[in-house]
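# Coordinate inspection notes
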Amino acid sequence: MTTPPPDLDPAVLDFYELGQEQQRLADPRRSIEYLRTMDVLERHLPPAPARILDIGGGPGRYALALASAGHRVTLLDPVPLHVQQAQAASAATRPLEAAHTGDARNLPQPDDSFDAVLLLGPLYHLPNADDRARAWAEAARVLRPGGVAVAAGASRYYTSWEMLAAGKLDLPGALDAALGHLRTGRHDNPGRDPRLWTTAYFHDPHELAAEAAAAHLGVRALLPVEGPVKLIPGIGGMLQDPARREEILHLLRLHEGHPSVLGLTEHVLVVAGTARPGRP
């Protein structure tokens, strides 16, 4: 299937059909998001060859890396362009088990069919709480007993500083959008300026954990991804130096257990899981 879900927000589809997502994490400054997320996944996912469902997996950056590590990965994304890009990359190098369009709120997969589920994109494009609850419920449904879910949220307390550092607060509507994040978490971009992203939701970090718990998943960890690292001048160059990159990742691991860091990170990861057989 290569058509988007019928109720996908047109603004979200239009933004991602611009094709920018495939190269976004390759940007030196943004690469810390990928490096840290992979670091967390390597520590919390089941050993290969686990069956993994990457919901909202985009062009496949994480899915392909996990497939290369020996996992059996299925990718699902609502944007046809992303699925086509993932399929092409998979055919060229690291084969996925499948890649197709679909909706996080209505998964086609059967119950108890995956060892792990990733929600690294869908939750911050579902501004409605009921829609996020449906996505969580679906993720829990397809997880096997003892399975693990890893989900990302965009933090509402970081975005103002990112917009300031990137010189975006002077763009039309930017300040109102930033204030809206703080009041309600919702982000709207009526002018569809791609520099101001697209329709989104910014979580309070503890709200993200509460959503997982409401889906009857046991929360195992709530972790900052980048911390304040992206705000450091010259961070892109530092991350291209292997020794300095490892120092940065080590420092972020040391800080990840401190709740205060959750207030100043662009992304937050919650790691949650289903009960194992015979355990409550």
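Up top you'll find the structure we're talking about.
The paragraphs below set out a description of the structure included in this document. All residue numbers refer to position in the chain's written sequence, counted from 1. The predicted nature of this model means local features are confined to residues of pLDDT at least 70 and side-chain atom pairs, given and counted, to a pLDDT of 80 or more, with totals for whole chains, interfaces and linings taken over all residues. Note that the side-chain values use all heavy atoms of the structure and ignore hydrogens as well as water.

With that out of the way, let us pick up the environment of G173. Tracing the chain through its elements places G173 in the loop between helix 7 (159-165) and helix 8 (174-184). Placed 20 residues apart in sequence, G173 and D193 show a C-alpha to C-alpha distance of 9.7 Å. Here a strand is any run of E in DSSP of at least two residues, a helix any run of H or I of at least four, and the numbering for each starts at the N terminus.

Right, let's get into the pattern of salt bridges. Within this document, salt bridges are pairs made up of a side-chain nitrogen of Lys or Arg and a carboxyl oxygen of Asp or Glu, the two lying within 4 Å of each other. Evaluated as defined, the whole model comprises 26 salt bridges. With its nearest N and O atoms 3.7 Å apart, the salt bridge here joins R132 to E207. In this pair, R132 is assigned in helix 6 (residues 129-142) and E207 in helix 9 (residues 205-214), connecting sequence segments 75 residues apart. Here D193 and R195 are joined by a salt bridge, their closest N and O atoms 2.8 Å apart. In this structure, a network of salt bridges that share partners links the residues D7, D103, R105, D131 and R134.

Before going further, it helps to spend a moment on helix 3 (residues 31-44). For an α-helix, the turn length of 3.6 residues means that residues three or four places apart are oriented alike. What a helix should span is 1.5 Å times the count of its residues minus one. Between its first and last C-alpha atoms helix 3 spans 20 Å; for 14 residues at 1.5 Å apiece the expected length is 20 Å, and the two agree. Note on classification: 1.4 Å probe, protein chains only; a residue is buried when its accessible area is under 20% of the maximum for its type, exposed when over 50%, partly exposed between these limits. Burial of helix 3 is extensive: 10 of the 14 residues sit out of reach of the surface. Considered for burial, the residues of helix 3 that qualify are S31, I32, E33, Y34, R36, T37, M38, D39, V40 and L41.

A few words now on the packing of aromatic side chains. Put simply, two rings from Phe, Tyr or Trp (the six-membered ring, in Trp's case) pair if the centres are within 6.5 Å, and we call them stacked under 30 degrees between planes, edge-to-face over 60, tilted for the rest. Tallied over the full model, the rule gives four aromatic pairs. Ring plane angle 55 degrees and centroid distance 5.5 Å describe the contact between Y124 and W197, whose orientation is recorded as tilted. Taken together, the residues span a long stretch of sequence, with Y124 in the loop between strand 4 (114-119) and helix 6 and W197 in the loop between strand 6 (186-187) and strand 7 (200-203) at a distance of 73 residues. Of the residues examined, Y124 reaches a relative accessible area of 7% and is grouped as buried. On the basis of relative accessible area, W197 is assigned to the partly exposed category, the value being 23%. Three or more aromatic residues link up through ring pairs in this structure, and these residues are Y124, W197 and F202. For a Lys NZ or an Arg CZ to count as sitting over a ring, it must be within 6 Å of the ring centre and within 35 degrees of the ring normal. Lying across the ring of F114, R51 places its NZ or CZ 4.5 Å from the centre. Here the guanidinium or amino end of R61 rests over the ring plane of Y34, the centre of that ring lying 4.0 Å away.

Glancing now at the pairing of strand 2 (residues 72-77). Judged by how many residues are buried, strand 2 sits mostly within the fold: five of six residues are covered. A pair of strands is labelled paired if DSSP reports no fewer than 2 bridges between them. The pairing of strand 1 (residues 51-55) with strand 2 spans five bridges and is classified as parallel. By the bridge assignment, L53 is partnered in strand 2 with T74. Looking down the strands as they point away from you, a crossover is right-handed if its path from the first strand over the helix to the second goes clockwise. Taking the sense of rotation as the criterion, the β-α-β connection linking strand 1, helix 4 (residues 61-68) and strand 2 turns out right-handed. As defined by bridge partners, strand 2 adjoins strand 3 (residues 98-101) across four bridges and the pair is classed as parallel. Pairing of T74 across the sheet is with A98, part of strand 3. Between the parallel pair strand 2 and strand 3, the chain is carried across by helix 5 (residues 80-92), and the sense of this crossover is right-handed.

The next point concerns the nonpolar core. Counting 35 residues, the largest nonpolar core has L41, L45, L96 and V150 as its most contacted members. By residue number, the principal contributor to this core is helix 4, which donates six residues. Here a residue-residue contact requires only that any non-hydrogen atoms of the pair lie within 4.5 Å. When near neighbours in sequence (up to four residues on either side) are disregarded, L41 contacts Y62, L66, L118, L120 and V150. Only buried Ala, Val, Leu, Ile, Met, Phe, Trp, Tyr and Cys residues count toward a nonpolar core, and they belong to the same one when joined by side-chain atoms within 4.5 Å. If you look at the next biggest cluster of nonpolar residues, it comprises 28 residues, including L123, L126, A212 and A272.

For the rest of this paragraph, the subject is unusual backbone geometry. Each neighbour pair has its own omega, and for A48 with P49 the value is 5 degrees, a cis peptide bond. Within the element layout of this structure, P49 appears in the loop between helix 3 and strand 1. Even without being glycine, D112 reaches a positive phi, approximately 50 degrees. Relative to the elements of secondary structure, D112 occurs in the loop between strand 3 and strand 4. Within the chain, R192 stands out as a residue other than glycine whose phi angle is a positive 55 degrees. Examined against the element boundaries, R192 turns out to sit in the loop between strand 6 and strand 7.

Geometric descriptors of this kind do not, in isolation, establish any biological role.
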